[in-house]
There are 2 protein chains.
Amino acid sequence: MLDICLLGTGGMMPLPYRHLTSMMARYNGSSILIDCGEGTQIAIAKKGWSVNPIDVLCITHFHADHISGLPGLLLSMGNAERTEPLLIIGPKGLSRVVASLRIIAPELPFPVDCFELSEREQVIRMDGYRIKAFRVNHNVICYGYTIEIDRNGKFDVEAAKALGLEVRYWNLLQHGQSVEVDGKVYTPDMVLGKERRGLKVTYVTDSRPTEQIAENAKEADLFICEGMYGDPEQYHKAKDKKHMTFYEAANLAKIANVKRLWLTHYSPSLNYPKEYESVAKSVFPAAKVCKDGYSIELKFDDGDEDEEKP
Amino acid sequence: MLDICLLGTGGMMPLPYRHLTSMMARYNGSSILIDCGEGTQIAIAKKGWSVNPIDVLCITHFHADHISGLPGLLLSMGNAERTEPLLIIGPKGLSRVVASLRIIAPELPFPVDCFELSEREQVIRMDGYRIKAFRVNHNVICYGYTIEIDRNGKFDVEAAKALGLEVRYWNLLQHGQSVEVDGKVYTPDMVLGKERRGLKVTYVTDSRPTEQIAENAKEADLFICEGMYGDPEQYHKAKDKKHMTFYEAANLAKIANVKRLWLTHYSPSLNYPKEYESVAKSVFPAAKVCKDGYSIELKFDDGDEDEEKP
């Protein structure tokens, strides 16, 4: 239902075998990209996914490793003759940064719209899902993002029949719309059961751990969180540079009671992040030290297992 | 003596297994980079070379596939605590483009100096070599670059002895400097034989073939030239988009009487450029359809063979 791919897992600079951290979500024909560093479009192509269906790009902050791939992404979309608008969401100053980077991508066959976040928490309603941006704690203004898909209650056939409503109206009600027939208004709650658990993915990088992150990631199906350093002894460095250790990220996952944690945004000096997976698992057993391209198919809770794809 | 690496061979957009076209030269402890698209710093790292010794970056033109990697390159140099200045050479408007892209790389621990080309042909003298920029024919202002290393004549020991000059002065004369001893001036020509053949590398992308290119590449040890299309039937497309076919590039190499031709800057639609190598070789037998990372060690002409490294 909701495909998530962690396109890259590096922080600071791209490495030959580690792309910069970014995430792509595919849902219902549209795609959401979070962050776009140098080489992100290559990571998308490696995964076999396409840049064309991306209709929203969320930028966490304006450090180059999170946005330097923007001109290339825009031009690749343009080369594919895209005409649909692209919405870019990001911190205050976004329009100026995007305009400045577009000095090498001035002409595009599609409109680029910038939405600048102004609050500490802000919800943007998209077609069929919500994006919630929330401030995190880095050395520049930085946001985390949650993607949430709500799920209506189960359609109650007996209730619909009892209302005497023609079958051709059922689909509208099932999708949350009211209908008026012969002067009478039928609302979704008349035929839908209690709202069911939807899907939730929370993405945080770069930041120190904060209460607000734990609050926003609460009970997420997937929590993707930075872990710049694996070794817990690098705690002071993490604190100075406004990043986290694996241990700290795992602790956030535990407090937030998420279903699973994926670690990312490793320091270039961290050659074998997997060596520290046990540190994260000791606090939060469902922690995973991810590699580039790791993905999952999240399914609504009908007994189907989510499918992870290394 | 002069190491050349063709870091990437792609045009337009980076592909999972084809970096964007750029070239790096290493000579006498310093390095020259020509063009820096998205991912060029990754290609340098893959080769096992370093961004730190780069003291000159030449930009052919301001299309994103030739300059989008600049902010990342600058930041990686900064992360390595570089303090030496970087000289960037490029077309008119360079300072504005560099400043605009630096919105995401504003603070660097080293100075960045821009040198804007204003003539159709221009020579920049560096320490121990020359860079010659020359206008080519693309749909925006674009330059080709030649790197030339001169070589003094052979030192004539007998002539130096006959002058009665102490041995400690010989080295200065050998390296082209005059010396004054006891009021008498000794000039290099007194002890050096006829100037010997140096080394010459010419790099051209993106352009239609022109007389000026053939003139500037004349008798180069290595001519790196764009070949956007392999199939000679794509001539009209090449002409429209101001690029070349392999056939046209090979023809330039033939006219310029170069030692060898390396083709690069393939269209993303050209999946197997090697299939068209025979087309280039039919015109110019020393043509090679290169892959990313192809390199050569060019040696002064003392009977040593140049060493190619696929």
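Residues numbered from 1 in each chain as written. Chains lettered and ligands numbered in written order. Predicted model: local features only at pLDDT ≥ 70, side-chain atom pairs only at ≥ 80, totals over all residues.

1. As for the overall build of chain A
- Secondary structure summary: chain A contains 10 helices and 17 strands in total.
- Whereas a compact globule of 310 residues would reach a radius of gyration of roughly 19 Å, chain A reaches 21 Å, a difference of no more than 12%.
- Projected onto its principal axes, the C-alpha coordinates of chain A cover approximately 70 × 50 × 35 Å.
- Residues counted as buried form 45% of the 310 residues belonging to chain A.
- Of the contacts made within chain A by residues no fewer than 6 positions apart, 66% connect residues no fewer than 24 positions apart. (Helix = DSSP H or I, 4+ residues; strand = E, 2+ residues; numbered from the N terminus. Rg over C-alpha atoms; globule rule 2.2 N^0.38 Å. Buried ≥ 20, exposed ≤ 12 C-beta atoms within 10 Å, placed from the backbone. Contact = placed C-beta atoms within 7 Å.)

2. Re the environment of phenylalanine 62 of chain B
- With respect to the helices and strands, the residue phenylalanine 62 of chain B is situated in the loop between β4 (54-58) and α2 (64-67).
- Remark: the alpha-carbon pair of phenylalanine 62 of chain B and leucine 94 of chain B, spanning 32 residues in sequence, is separated by 8.3 Å.
- Contact partners of phenylalanine 62 of chain B, with chain neighbours within four places excluded, come to Ile104 of chain A together with Ile67, Pro91, Gly93, Val97 and Val140 of chain B.

3. Section: the pairing of strand β8 (residues 130-135) of chain A
Residue and element names in this part refer to chain A.
- With five bridges connecting them, strand β7 (residues 121-125) and β8 associate as antiparallel partners. Across the sheet, the residue bridging to isoleucine 124 is isoleucine 131, located in β8.
- The antiparallel hairpin formed by β7 and β8 contains four residues in its connecting segment, where glycine 128 sits at a positive phi of about 95°.
- As paired strands, β8 and strand β9 (residues 143-151) are joined by six bridges and run antiparallel to one another. Considered in β9, the bridge of phenylalanine 134 is made with glycine 144. (Pairing = 2+ DSSP bridges.)

4. Re the domain arrangement of chain A
- Considered domain by domain, chain A is made up of domain 1 (2-152 + 195-309) and domain 2 (153-194).
- The gap between the C-alpha centroids of domain 1 of chain A and domain 2 of chain A is 38 Å. (Domains from an automatic or database assignment.)

5. Some points on the sheet that holds strand β7 (residues 121-125) of chain B
All names here are of chain B.
- Strand order across the open sheet formed by seven strands is β7-β8-β9-β12-β13-β14-β15, with mixed pairing between neighbours. Edge positions in the sheet fall to β7 and β15 (287-289), since each of these pairs with one other strand and no more. Adjacent strand axes in the sheet meet at a mean angle of 20° when their direction is disregarded.
- Against the sheet, helix α9 (residues 246-256) contacts β13 (222-226), β14 (261-264) and β15, and its axis sits at roughly 155° relative to β13. (Axes fitted to C-alpha atoms, helices over the stretch in contact; angles between N-to-C directions.)

6. Some remarks on the relation of the copies chain B and chain A
- With an RMSD of 0.1 Å, the fit of chain B onto chain A corresponds to turning through 180° and sliding 0.0 Å along the axis. In symmetry terms, the pair is related by a two-fold rotation axis.
- A symmetric contact is evident, with 100% of the interface residues of chain B recurring at the interface of chain A. (Least-squares fit on C-alpha atoms with pLDDT ≥ 70 in both.)

7. Re the sheet that holds strand β12 (residues 196-204) of chain A
Residue and element names in this part refer to chain A.
- Read from one edge to the other, the open sheet built from seven strands follows the order β7-β8-β9-β12-β13-β14-β15, with strand pairing classed as mixed. Strands at the two margins of the open sheet, each flanked by one partner only, are β7 and β15 (287-289). Neighbour-to-neighbour, the strand axes of this sheet turn through a mean angle of 20°, independent of strand direction.
- Across three bridges, the pairing between strand β14 (residues 261-264) and β15 is parallel. Each bridged residue has a counterpart across the sheet, and for leucine 261 the counterpart in β15 is alanine 287.
- Together, β13 (222-226), β14 and β15 form the strand contacts of helix α9 (residues 246-256), whose direction differs from that of β13 by roughly 155°.

8. Describing the confidence of the model for chain A
- Taken over all residues, the pLDDT of chain A has a mean of 95, while the share at 70 or more is 100%.
- Across the whole predicted complex the pTM is 0.92, and at the interface the ipTM reaches 0.91. (pLDDT = per-residue confidence, 0-100.)

9. Examining the interface of chain B and chain A
- Taken residue by residue, the interface counts 27 residues in chain B and 27 residues in chain A.
- Secondary structure elements with two or more residues in the side of chain B that touches chain A: α1 (40-47), α2, α3 (70-79) and α4 (94-101) of chain B.
- A total of five residues in the side of chain B that touches chain A trace back to one element, the largest contributor, which is α3 of chain B.

10. As for unusual backbone geometry
- The residue after threonine 205 of chain A, namely aspartate 206 of chain A, is reached through a cis peptide bond having omega 0°.
- Note on placement: aspartate 206 of chain A falls in the loop between β12 and α7 (211-217).
- Phi at aspartate 35 of chain A takes a positive value of approximately 70°, unusual for a residue other than glycine.
- With respect to the secondary-structure elements, aspartate 35 of chain A resides in the loop between β3 (30-34) and α1 (40-47).
- Among the residues examined, aspartate 35 of chain A registers 28 C-beta atoms within 10 Å and is labelled buried.
- Even without glycine at this site, lysine 242 of chain B takes up a positive phi of about 60°.
- Its location among the elements puts lysine 242 of chain B in the loop between α8 (235-240) and α9.
- Here lysine 242 of chain B falls in the partly exposed class, since 16 other C-beta atoms lie within 10 Å of it.

11. Focus: the environment of glutamine 122 of chain B
- With respect to the helices and strands, glutamine 122 of chain B occurs in strand β7.
- Through-space distance from the C-alpha of glutamine 122 of chain B to that of tyrosine 145 of chain B is 9.7 Å; in sequence the pair is 23 residues apart.

12. A closer look at the nonpolar core
- By size, the foremost hydrophobic cluster in this structure holds 174 residues, and its most contacted members are Ala253 and Leu261 of chain A together with Ala253 and Leu261 of chain B.
- Discounting residues that sit within four places of it in the chain, leucine 261 of chain A has contacts with Phe223, Cys225, Ala249, Ala250, Ala253, Phe284, Ala286, Ala287 and Lys288 of chain A. (Core = buried A, V, L, I, M, F, W, Y, C linked by C-beta atoms within 7 Å.)

13. So, the environment of threonine 202 of chain A
Residues and elements named next belong to chain A.
- Within the secondary structure, threonine 202 sits in strand β12.
- When the C-alpha atoms of threonine 202 and alanine 133 are compared, they prove to be 9.7 Å apart, with 69 residues separating the residues in sequence.
- In contact with threonine 202, not counting residues within four places along its chain, are Gly144, Thr146, Asn216, Ala217, Ala220 and Phe223.

14. Considering α3 of chain B
- Most of α3 of chain B sits inside the fold, with eight of its 10 residues counted as buried.
- Residues Leu70, Pro71, Gly72, Leu73, Leu74, Leu75, Ser76 and Met77 of chain B constitute the buried set of α3 of chain B.

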